[in-house]
Amino acid sequence: MASVNPLLAPSGLPNEAPAFDKIKDRHFLSALRTAVKEARADIRALKNNPETPTFANTIEALELAGERLSILSSLLSNQMLAAGTPKLKATEDKISPLRARFNMAALTDTKIFKRVKAVWDQHHDDPTLTTEQHTLLKKTYDGFRNGGALLKGADKKRLKEIVEEMSTLDSDFSENVKKDVEAFAMIITDKDDLKGIPEDAVAAAAEEAKTRGLENQWVFTLDYPSYGPVASYAENRSLREKMWRAYGSRGWQTEHDNQELIRRILTLKHERAQLLGYNNHAETVLEDRMAQTPQTVATFLDQLKNVYKPAALKDMESLRAFAAQMGHDDLKPWDITFYAEKQKQELYGFSSEDLKPYFPLEKVLAGTFQHFSQQFGIQFSENKQYPTWHPDVKAFDVTDEKTGAFVGTLYTDFHPRKGKKGGAWMTDYRAQGLYQGQIERPVIAIECNFTKPLPGKPALLDHDEVTTLFHELGHAVHGLVSDVTYRSKASPYVPWDAVELPSQVQENWAFTRETLALISGHYQTGEKIPEDLYQKMVASKNYMAGAAGLRQVNLATLDQAWYNTNPKDIEDKFGFNIFAFEEAVTADTRLFPMLAGPTSTSFTHIFSGGYDAGYYSYKWAEVLDADAFEYLTELTTYDSYRLNKYRKEFLAKGGTDNPATLYRNFRGQDADPQALPRREGLLPPKPTFM
Ligand SMILES: [Zn+2]
């Protein structure tokens, strides 16, 4: 008898969590094939529905179509990241074209669009729909519209050509940058040149030389682990300059030049935006984001620039004086990291190792759970009934402290292993929302790569790892407290200039004395972090905040300029000279003249990474988290009234409305951009009323 595929049967586990004890790699392919078939059948039924289109039989039906496909696809991608095997990879390679074809077919189907448009025309002002339903309706309609569903004849054909031509340009762009990185090697033959560079970096350079057949020599490359230590520590200034220039000229006047690709990408994106009825590409991107318009982003960046610029000039003055003391005048861009490293050491002189004994993982985790229950009244209790994908993984039931109501399932997976991706992230196996006519609670995981404990010694975290834990659990709690109807609108599925608020805001607490008391204690003596160490840790956080802030504003300004300027104007004014355009639009946010190539030709974030017209999101999210934290802790570290408002009005509402509206409902006003420089010590703190 053929056994049942565990991926196609109910697991019967708490919260219908996946049966990791029964699921094997070989089960995925056939289960996913079944799921694709079911998804196609859902779409056919929707297309051929003889009834008049309504919200329920069209918009909701489209939202719910392919339920099993979406659950199994998350399961597969989550397992590939947490416990990847060649077999899972092969399955993904087979399934992803099928899934892409299915999505494409559904999203460009004219019969379905006719139904969607009928619902849109009739109900887009309908007061009987909820806010969430309006958001879902608009998002669905816009998806078709931006795919060209309203275009006819030659315009429709042209849009298709544009999309097709664009499909390879972004990978060509990043490929060029990669090839320029690979083409560069700095070969050192004189041992004296290595002065200052840390031992392990030198050893890696010797190893690199050996793989290239060079004995008793050292090879440094533009990969960060090789370039970073040279930039920070090499006493031979000409080595730093050489690498800095090569790094700054990637994609510019090299064999893998990106200038023509930039012109092509910008021209096509602009043409597409105009076909779809927008003025420029930035408008199409920003429409659904929290910022909404290019004008809002411009004002935002300008306000930050006004604070960061003078602060950055002061930072440079101080660094210049520091370098002069050491006998070095005429500070250049390739000296910045080098002297900053030394100045930071002199000012704060502590290492991340000094803090580690105070952060044993068990204590940190228990304290962090306590921190979240103090914030939101939720409780975490380990539940061994859940099977997991590895013995290191633990599962928790999350419940409401007062009512005992079930909130969701949380897995924690803290240590590296073969087949697991590096870094840290939060993910869900099932988002909160509607499944088979029932609203279900979420199944969520956080993945980290903290050092594994040695026998007889607990795992000790450094403070960066502690803030990582707060960050990822911040994302997890956002997902856990989600309270929506449709899973595509569940937390944390919000526009991505808002998605980092719930995570980043939590990091702030990891610097407060009160929270540190919950999460730290010397692993041998239980002792608290000594006051002087604590002070240094807090102060070092803001070192060179002005210069760093101005750099981010510079990049975001450049990104906006490329995408909200008509390429024809760039042609008329600058002859499409990439260097000249960049020089002009960044004149006010640079501390040095451009001494190498333009940043644009290697700016993969905006020309191939999906951050086009969205680079400002980094600073935007920081402003939100600084503003939210300032408000939430204005009266006391744990202000249950305000925290509850934050949970109810912002966290729980996910993507049901524009986050700008949700934020205003929680905060009573928009975020104040100056909250960020206040936190960074660049502006005086807000006066308190006590
Ligand atoms: Zn994050």
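Since we're looking at a predicted model, the values are computed, not measured.

Reading guide: rules and limits
Residues numbered from 1 in each chain as written. Predicted model: local features only at pLDDT ≥ 70, side-chain atom pairs only at ≥ 80, totals over all residues. Helix = DSSP H or I, 4+ residues; strand = E, 2+ residues; numbered from the N terminus. Rg over C-alpha atoms; globule rule 2.2 N^0.38 Å. Buried ≥ 20, exposed ≤ 12 C-beta atoms within 10 Å, placed from the backbone. Contact = placed C-beta atoms within 7 Å. Axes fitted to C-alpha atoms, helices over the stretch in contact; angles between N-to-C directions. Parallel < 35°, antiparallel > 145°, perpendicular 65-115°, else oblique. Left-handed = near helix turned anticlockwise from the far one by under 90°. Nonpolar A, V, L, I, M, F, W, Y, C, P; charged D, E, K, R; others polar. Domains from an automatic or database assignment. Pairing = 2+ DSSP bridges. Core = buried A, V, L, I, M, F, W, Y, C linked by C-beta atoms within 7 Å. Arc of directions from axis to C-beta.

### A look at the overall build of the chain
Next, step 1: A tally of helices and strands in the chain yields 28 helices and 9 strands.
Next, step 2: Computed over its C-alpha atoms, the radius of gyration of the chain comes to 27 Å, within 12% of the 26 Å expected for a compact globule of 690 residues.
Next, step 3: Residues counted as buried form 38% of the 690 residues belonging to the chain.
Next, step 4: Put simply, of all contacts in the chain between residues at least 6 apart along the chain, 72% involve residues at least 24 apart.

### Examining the packing of helix α7 (residues 153–183) against helix α11 (residues 259–275)
Next, step 1: Between α7 and α11, whose axes approach to 10 Å, the crossing angle comes to 150 degrees. When the interaxial angle is binned, α7 and α11 end up roughly antiparallel. For the crossing formed where α7 meets α11, the hand is left-handed. Here α7 contributes D155, R158, L159, I162, E165, M166, L169, D172 and F173 to the contact with α11, which in turn contributes L261, R264, I265, L268, E271, R272 and L275.
Next, step 2: Here the residues of the contact of α7 with α11 sort into 9 nonpolar, no polar and 7 charged.

### Describing the domain arrangement of the chain
Next, step 1: Parsing the chain into structural domains produces domain 1 (14–150) and domain 2 (184–248).
Next, step 2: Put simply, the middle of domain 1 and the middle of domain 2, counted by C-alpha atoms, are 50 Å apart.

### Remarks on the packing of helix α3 (residues 67–83) against helix α4 (residues 86–107)
Next, step 1: In the contact formed by α3 and α4, the axes pass within 11 Å of each other and the chain directions differ by 145 degrees. At the point where α3 passes α4, the crossing takes the left-handed sense. Two secondary-structure elements touch here, α3 through L69, S73, L76, Q79 and M80 and α4 through L88, K89, T91, E92 and R99.
Next, step 2: Classifying every residue of the contact of α3 with α4 gives 4 nonpolar, 3 polar and 3 charged.

### Focus on the sheet that holds strand β9 (residues 443–447)
Next, step 1: The strand order across the open sheet formed by 5 strands is β3-β4-β5-β9-β6, and the pairing between neighbours is mixed. On the outer flanks of this sheet lie β3 (378–382) and β6 (425–430), each paired with one strand and no other. For this sheet the average axis-to-axis angle between neighbouring strands, irrespective of direction, equals 25 degrees.
Next, step 2: With 5 bridges connecting them, strand β5 (residues 406–413) and β9 associate as parallel partners. Following the sheet pairing, D413 is matched in β9 by E447.

### Topic: the nonpolar core
Next, step 1: Among the nonpolar cores identified, the biggest contains 131 residues, and L72, V116, V466, A476 and L480 are the most heavily contacted of them.
Next, step 2: With 9 residues, the single largest contributor to this core is helix α25 (residues 617–632).
Next, step 3: The residues touching A476, leaving out its near neighbours within four places in the chain, are L410, M426, I444 and I446.

### Quick word on the pairing of β5
Next, step 1: Of all 8 residues in β5, 7 are buried, a share of seventy percent or more.
Next, step 2: Two elements, strand β4 (residues 394–400) and β5, share 6 bridges in a ladder whose sense is antiparallel. The partner of V398 across the bridge, within β5, is G408.
Next, step 3: In this structure, the hairpin formed by β4 and β5 is closed by a connection of 5 residues, where G404 is found at a positive phi of approximately 75 degrees.

### Some details on helix α23 (residues 578–585)
Next, step 1: Along α23, the residues classified as buried are I578, F581 and E582. Projected onto a plane normal to the axis of α23, the buried residues spread over an arc of 95 degrees and lie on a single side.
Next, step 2: Summarising the contacts, the buried residues of α23 are in contact with α11, α21 (545–564) and α22 (567–574).

### Description of unusual backbone geometry
Next, step 1: A cis geometry characterises the amide bond from S491 onward to P492, with omega recorded as 0 degrees.
Next, step 2: Within the fold, P492 resides in the loop between α17 (463–480) and α18 (501–509).
Next, step 3: Notably, N15 is not glycine yet its phi reads approximately 55 degrees, a positive angle.
Next, step 4: The residue N15 is located in the segment before α1 (27–47) in this model.
Next, step 5: For D330, which is not a glycine, the phi torsion comes out positive at approximately 60 degrees.
Next, step 6: Along the chain, the position of D330 falls in the loop between α13 (294–325) and α14 (336–348).
Next, step 7: On the basis of neighbour counts, which here come to 8 C-beta atoms within 10 Å, the residue D330 falls in the exposed class.

### Looking at the environment of F173
Next, step 1: Residue position: F173 is located in helix α7.
Next, step 2: The spacing of F173 and W218 is 45 residues in sequence and 30 Å in space, taken between C-alpha atoms.
Next, step 3: Not counting residues up to four positions away in its chain, the partners in contact with F173 are N258, L261, T604, F607 and S608.

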